[in-house]
Every structure is written in C-alpha cells, then in structure tokens.
Amino acid sequence: MVAQLQTYKGSLLLQKSLNKLSLEDIGKLYITILPFISQIICSEYGNYFFQKFLYFLNNYQKGQILASVKPNFLQICKHKFGNHSMQSLLRALRSNSEILIFFLLVQQHLAELIVDENAYHILMTILIDFPEAKRNFLNEFIIMHVDLISRSKT
C-alpha cells in the first residue's frame, strides 16, 4: 500500500476512496501507514494523499502522527513535498497541546527553518493562520534576527 501511495494513480485512487471508507476502515488504514508516515509525507504523490487523509482522522491519531514525525521534523519541513504535508498537519491540529508541541518543534529549529526555501512556508502558515498571541515566539525571533533573514536567499 505504501508503494501504491507513492504513485500518481495509486495516490489518486486512495484519495477518492477515503470518502467511501467507514471509520473502522480509516482506522485500519491509519495503523497500516503510520510506520511509514514520514516516507509518505515526503513522497511526491503520497503527500497529496496525506493532506486529504488528515481530515478523516481524530485528534488522537493526528497527535500520534506528530509524535511519529518529531525525530525527522526538520528534514521533513525542509523537504520539497514534506513541507506541504507539515503545513496541512499544523492546520489540522485542533488540540492546544498538540499545537504547542508543533510550535516547540518549530522553536527548536527556527534559525534553520526561516532561511530554508521550503521550510519557511511553515512559518508563513503560522504567521497567517494563528493569532499574534499564539505566535509571539515567531514575531520575537523575526525582530531579533532580521539581519539573518535579510541575508537569506529565500
């Protein structure tokens, strides 16, 4: 299934089938792909499936995905396709504690994220989608490191 998700036709077919699956089937699919989630997220076609699949998952499942990608967070954010998946994951998180975990991961890698041609999109998502009170850490970093940002090639 993971190999199928990484092809154009396979990803499209599985995306279309999501609406027809029961909650039980969604759960089984989730358990099947969770060990491979970082690979799927960074796949050219798998990332499209992942972005759609997120909206069929409950908060606990999304939290498990966040925990699963945590060790590879920076690499995924910097990846050409992975950053799109991470933006979608951030937008799909509903629990304040999971959003906080995501933000803490971002804070650990801010200097690298802000100058990367792919990863900075995640920071833009935070700036656009979250109120200032929740993203103060990012505002302060930008102000304190305007020189680093201005010299970046992104």
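Keep in mind that what you see is a predicted model, and the values were worked out from it rather than measured. Numbering of residues begins from 1 in every chain and follows the order in which that chain's sequence is written. Selection of residues for local features in this predicted model requires a pLDDT of at least 70, selection of side-chain atom pairs for listing and counting requires 80 or more, and totals for whole chains, interfaces and linings are taken over all residues. Only hydrogens and water are removed before side-chain values are computed, so all heavy atoms of the structure are retained for them.

### With respect to the side chain of histidine 109
Mapping histidine 109 onto the fold places it in the loop between helix H9 (96–108) and helix H10 (110–115). When its relative accessible area of 19% is taken as the criterion, histidine 109 is described as buried. Contact partners of histidine 109, with chain neighbours within four places excluded, come to Phe73 and Leu74. We count a stretch as a helix when DSSP gives it H or I for four or more residues in a row; a strand needs E for two or more, and each element gets its number in order from the N terminus. Exposure categories follow from relative accessible area, calculated using a 1.4 Å probe and restricted to protein chains: below 20% of the type maximum is buried, above 50% is exposed, and the middle band is partly exposed. Any two residues whose heavy atoms approach within 4.5 Å are treated as being in contact.

### Quick word on the state of the cysteines
Disulfides are defined in this document as cysteine sulfur pairs within 2.5 Å. All chains considered together, the criterion is met by 0 disulfides. No disulfide involves cysteine 42; its nearest neighbouring cysteine sulfur is the one of cysteine 77, lying 9.2 Å away.

### Observations concerning helix H6 (residues 59–69)
Taken together, the buried positions of H6 are occupied by Gln61, Lys62, Gly63, Ile65, Leu66 and Val69. In this structure, the buried residues of H6 make contact with helix H3 (23–33), helix H4 (37–41), helix H5 (46–53), helix H7 (73–78), helix H8 (82–92) and H9.

### Things to note about the packing of aromatic side chains
Two rings belonging to Phe, Tyr or Trp (six-membered ring only in the last case) form a pair when the distance between their centres is within 6.5 Å. Interplanar angles under 30 degrees mark stacking, angles over 60 mark edge-to-face geometry, and anything in between is tilted. For the structure on display, the rule yields 5 aromatic pairs. Between phenylalanine 103 and phenylalanine 130, the ring centres sit 5.1 Å apart and the planes meet at 75 degrees, which makes this aromatic pair edge-to-face. Taken together, the residues span a long stretch of sequence, with phenylalanine 103 in helix H9 and phenylalanine 130 in the loop between helix H11 (120–129) and helix H12 (136–144) at a distance of 27 residues. Residues phenylalanine 103 and phenylalanine 130 agree in their burial class; the two are buried. Considering the side-chain rings of phenylalanine 103 and phenylalanine 137, the 5.2 Å spacing of their centres and the 50 degrees angle between planes classify their relative orientation as tilted. With phenylalanine 103 in helix H9 and phenylalanine 137 in helix H12, this pair connects stretches of sequence that are 34 residues apart. Residue class for phenylalanine 103 comes out buried when judged on its relative accessible area of 5%. Taking relative accessible area as the criterion, phenylalanine 137 reaches 15% and is therefore assigned buried. Aromatic ring contacts, followed pair by pair, group Phe103, Phe130 and Phe137 into a single cluster.

By themselves these figures say nothing about function.
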